[in-house]
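Spelled out from the first residue to the last, the chains are:
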Amino acid sequence: MKKLPVFLLLFCFPFAMCAQDAYWIFFSDKKGCTFDPQTYFAPGALERRARHGLPAADYTDYPVNEHYIQQVTAAATETGYASRWFNAVEVTATPEQLKTVSALPFVKEVMPAAQFRWEACALKNKTAADSILPRATEKQVKILQGERFLERGITGKGVTVAILDVGFVGYKTNSAFEELIFNGQIKLTYDFVSKAENVDVGDTHGTEVLSCMAGITGNTNLGMATGANYLLARIAKPLGNQQLAESRWLAAMEWADKNGAHIINNSGGPNTRSYFPEQMDGKTCLISRAGNMAARKGILVVSAAGNEGGEAGPLILPPSDADSVLCVGAAERKRGNCLRSSFSSYGPTADLRAKPDVCAPGDVQTAGGSYESGEDEGTSFSSPLVAGFAACVLQLQPSITCMELFAALKKSGSLYPYFDYYHGTGFPQASYFLDSTKPAPPTELFKLDSDFFTVWAEFKLPGGDEEEPVSSGLLYYAVEDASGRLMEYHIVDVLNTKITVANRRDYNSDYKVKLFYKGQYAEMVL
Amino acid sequence: MQRWCFSMVLLLLTASTANAQEDDVPPFRNPNVNIHVDVDTTRTIPTYGENRRWFINQTYGLYTRFGPNETGAKTLGRSIMFDYGINTKLKLWSWDALCLNVNVGQERWAMAQDSQKIVPDTLLHKTERFQFNRLQGEFYNRINLDRHRGNIIGTYLEFGVYGNWMYHNLHITRDSSDATTTTGPKLLKVRETKLPYINPLQYGFVARFGSEYFALSATWRVSDYFKSNETFAYPELPRLWFGFVLSAY
């Protein structure tokens, strides 16, 4: 028995020495690889490339060299997905094996792959009474003026949307998708976890996300893109080891590109379990880089900001942290405009870039699993509402490019040209795309004025001296530095006729104060 | 009856008002919005956190004894050890950290009452146990199996050494009086402290396998509980404790 300590040490050491991790092995070239884009890509993918003025295929579309993969596979424990876009393969290897792989002449770079857990950005789910269902249009469609698209018969027809999620349980049988199934609008499905076509497994989260784009319960539209085509990809299990999920996400992105997706919706991603907050800078996480790559190929990636809005501070989850991914936060309607939902992640990103880009309702009606009417909460559902909205815009303006669409969605925000890290530019508004004549700016509701010390806004409030001050709307104001980075921002009820917005002595002279109140925007250099 | 009807109507009205859209509520009933956000433009990287340079957490351990008994010192399965500690972690690399755990705990050894018993004497009792209250320090190395993780504890193996001081040791026996006796105490409980045959300083090895808040833990005592001399040596109590540790943070 006295030998037991030795046994314990011997028990521990082999575990430590055999510790295996996931790595991305980047290759130096694609020598000897041949590729025919006409047979590989679906017609929609070729059309999208042509519309963006891109060649039918570029270097990043060529397959990874099979000989390279074989040699790496021989040296490593396990090989994951080989990414065309990054000319890389994900492997699981011991430190010793990694040395062998790194020494191969065609290996350009080795990068640790995060222990990736794809977390759905949903907080709660409960079935709701049918009586509150009609409010769905009020809650999630009308806020974006989606009913105006519907009145014009714009439902995203001809647009292909890919949804990457943890499972689409019940999408085949739920009556909310009856029309979608009947019309054959679900073009392709693939389960990247079990490598099968059936995605009616795992979780209902994907179904709920789909309902926020294409669900129709009774006569109520839960989303705006009921006429779009869909590609459904299951990329992760709801629970369990997700060590190779990063490669599944990449595989699904490349699959969506191959099959002609115009828009990709992503309602989840890795959180601080997988990455440090300072790594959420749009460059570190490979799926963020893939989001940017998708944008270069003409695909608009719409992604949930995350549900880390509690006490975590500013935290935008990958891939929403990428600069070309449209990051969507959750907000509710308040005083005629938007106010961030308490759970919604807010910006800026770790490298202080402005995110989220826009916001949408995060407390919504959904259909999923066996129920046709439920209530859900989370940025998971804000994202598909905007993705559906974007599909309608694409139907309306089929020649618009991905980044033009990105910029237009931001410009259509209910707060635009104002911007802050809680709301982006606010709720996208259909009127921006539908009305040929832009609405006249509101009559002067407030006047921005200053003296040597302070800057203030003077409001013309209705009524005279009230006994109890009544809010006449929300005032959004922010101070930004010369580079356009916000230093502080505020949202307040307008209760008084005069509100001081900045003390000049607190800021540099090149700082700027911006205000937004009931559609009127003003700014002043301090 | 009228009052009851009036109350019901009032209740229904209140409920319907509560269900109304936010914008339907007169503005003065809504709480005022007053949000001010100062943007942290420096973004200093913290040094304290689950997977940062430093981390401190509380630990709660519960163990049961393992291993064969020596003849003359047979212990019962209900012998347990529990402790509460403060664990400090210093991260060296993403896969390696040094840890120091200071804990207070108690070991309770329930002794079997059989004819071979010689610890601490051959007298048989209704129940008999040793109780050692101790202050313990553990120093160990933590090897993480998931090196590339975010700000989480992750999955790990630990191995190291411990030393403790049993600042209070007790020998407790309970005996029932003869059933036919009608006078005197029914139960006799004897607590003996400052046991002269106990070594107050102990040391040994510790090994754990854990993930996040939970770890399986084993300690192996190298030192002997009982002092020995030239003429006599007590048989030892089992050396292996096996149990689990919950971390709180």
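Here's a quick rundown of the structure.

Moving on: the overall build of chain A. On a plain count of helices and strands, chain A comes out with 14 helices and 26 strands. A sequence separation of at least 24 residues applies to 75% of the contacts in chain A between residues at least 6 apart.

All names here are of chain A. Spatially, three strands are ordered 20-21-24 in an open sheet, and the strand pairing comes out antiparallel. Pairing within the sheet leaves two strands with one partner each, and these edge strands are strand 20 (446-450) and strand 24 (498-503). If you compare each strand with its neighbour and ignore which way they point, the axes differ by 20° on average.

With that settled, the discussion passes to the pairing of strand 5 (residues 127-144) of chain B. All names here are of chain B. As paired strands, strand 4 (residues 96-110) and strand 5 are joined by 15 bridges and run antiparallel to one another. Residue Leu98 lies in a different strand from strand 5, and its bridge partner there is Asn141. Two strands pair when backbone bridges link them, and strand 5 and strand 6 (residues 155-176) are joined in this way by 18 bridges, in the antiparallel orientation. If you follow Thr127 over to strand 6, its bridge partner there is Arg174.

This brings us to the environment of Ala252 of chain A. Summarising the element assignment, Ala252 of chain A is placed in helix 10 (residues 245-258). Residues Ala252 of chain A and Ala233 of chain A, 19 residues apart in the sequence, show an inter-C-alpha distance of 6.4 Å.

All names here are of chain A. For helix 3 (residues 43-51), the complete set of buried residues consists of Ala45, Arg48 and Arg49. The arc enclosing the buried residues of helix 3, seen along the axis, measures out at 100°, which places them on a common side. Counted as exposed and oriented over 90 degrees from the buried face of helix 3: Pro43 and Ala50. Taken together, the buried residues of helix 3 touch helix 10. Just past helix 3, the residue Gly53 takes up positive phi, approximately 70°.

We now examine the packing of helix 10 of chain A against helix 11 (residues 286-296) of chain A. All names here are of chain A. Packing of helix 10 against helix 11 leaves a shortest axis separation of 10 Å and a crossing angle of 10°. Comparing the axis directions of helix 10 and helix 11 gives the class roughly parallel. Touching Glu246, Trp249, Leu250, Met253 and Asp257 of helix 10 are Leu286, Ile287, Ala290 and Ala294, all from helix 11. In terms of residue class, the contact of helix 10 with helix 11 is made up of seven nonpolar, no polar and two charged.

Let's shift gears to the environment of Trp85 of chain A. Residues and elements named next belong to chain A. When you line up the elements, Trp85 lands in the loop between strand 2 (78-83) and strand 3 (88-93). A count of 20 C-beta atoms within 10 Å places Trp85 in the buried class. Taking the C-alpha atoms as reference, Trp85 lies 7.6 Å from Met293; in sequence the two are 208 residues apart. Among residues more than four places away in sequence, those in contact with Trp85 are Thr60, Glu254, Ala290 and Met293.

One broad trend across soluble globular proteins is that nonpolar side chains are buried collectively. By size, the foremost hydrophobic cluster in this structure holds 121 residues, and its most contacted members are Val161, Ala233, Ile263 and Ala390 of chain A. Top element by residues in this core is helix 12 (residues 379-396) of chain A. It accounts for 10 residues. Residues in contact with Val161 of chain A, not counting those within four places in the same chain, are Met213, Ala225, Ala228, Tyr230, Ala261, Ile263, Asn265, Ala387 and Ala391 of chain A. Residues Ala354, Tyr477 and Val494 of chain A together with Val39 of chain B belong to the second largest nonpolar core, which totals 27 residues.

What follows is about the sheet that holds strand 3 of chain A. Residues and elements named next belong to chain A. With respect to topology, four strands assemble into an open sheet ordered 2-3-1-4, the strand pairing being antiparallel. Of all the strands in the sheet, just strand 2 and strand 4 (107-112) have a single pairing partner and so form its edges. The mean inter-strand angle of the sheet, taken between neighbouring strand axes irrespective of direction, is 25°. The pairing of strand 1 (residues 21-27) with strand 4 spans five bridges and is antiparallel. Residue Trp24 lies in a different strand from strand 4, and its bridge partner there is Met111. The strands that helix 10 touches are strand 2 and strand 3; relative to strand 2, the one it contacts most, it runs at about 30°.

Thresholds applied
Residues numbered from 1 in each chain as written. Chains lettered and ligands numbered in written order. Predicted model: local features only at pLDDT ≥ 70, side-chain atom pairs only at ≥ 80, totals over all residues. Helix = DSSP H or I, 4+ residues; strand = E, 2+ residues; numbered from the N terminus. Contact = placed C-beta atoms within 7 Å. Pairing = 2+ DSSP bridges. Axes fitted to C-alpha atoms, helices over the stretch in contact; angles between N-to-C directions. Buried ≥ 20, exposed ≤ 12 C-beta atoms within 10 Å, placed from the backbone. Arc of directions from axis to C-beta. Parallel < 35°, antiparallel > 145°, perpendicular 65-115°, else oblique. Nonpolar A, V, L, I, M, F, W, Y, C, P; charged D, E, K, R; others polar. Core = buried A, V, L, I, M, F, W, Y, C linked by C-beta atoms within 7 Å.

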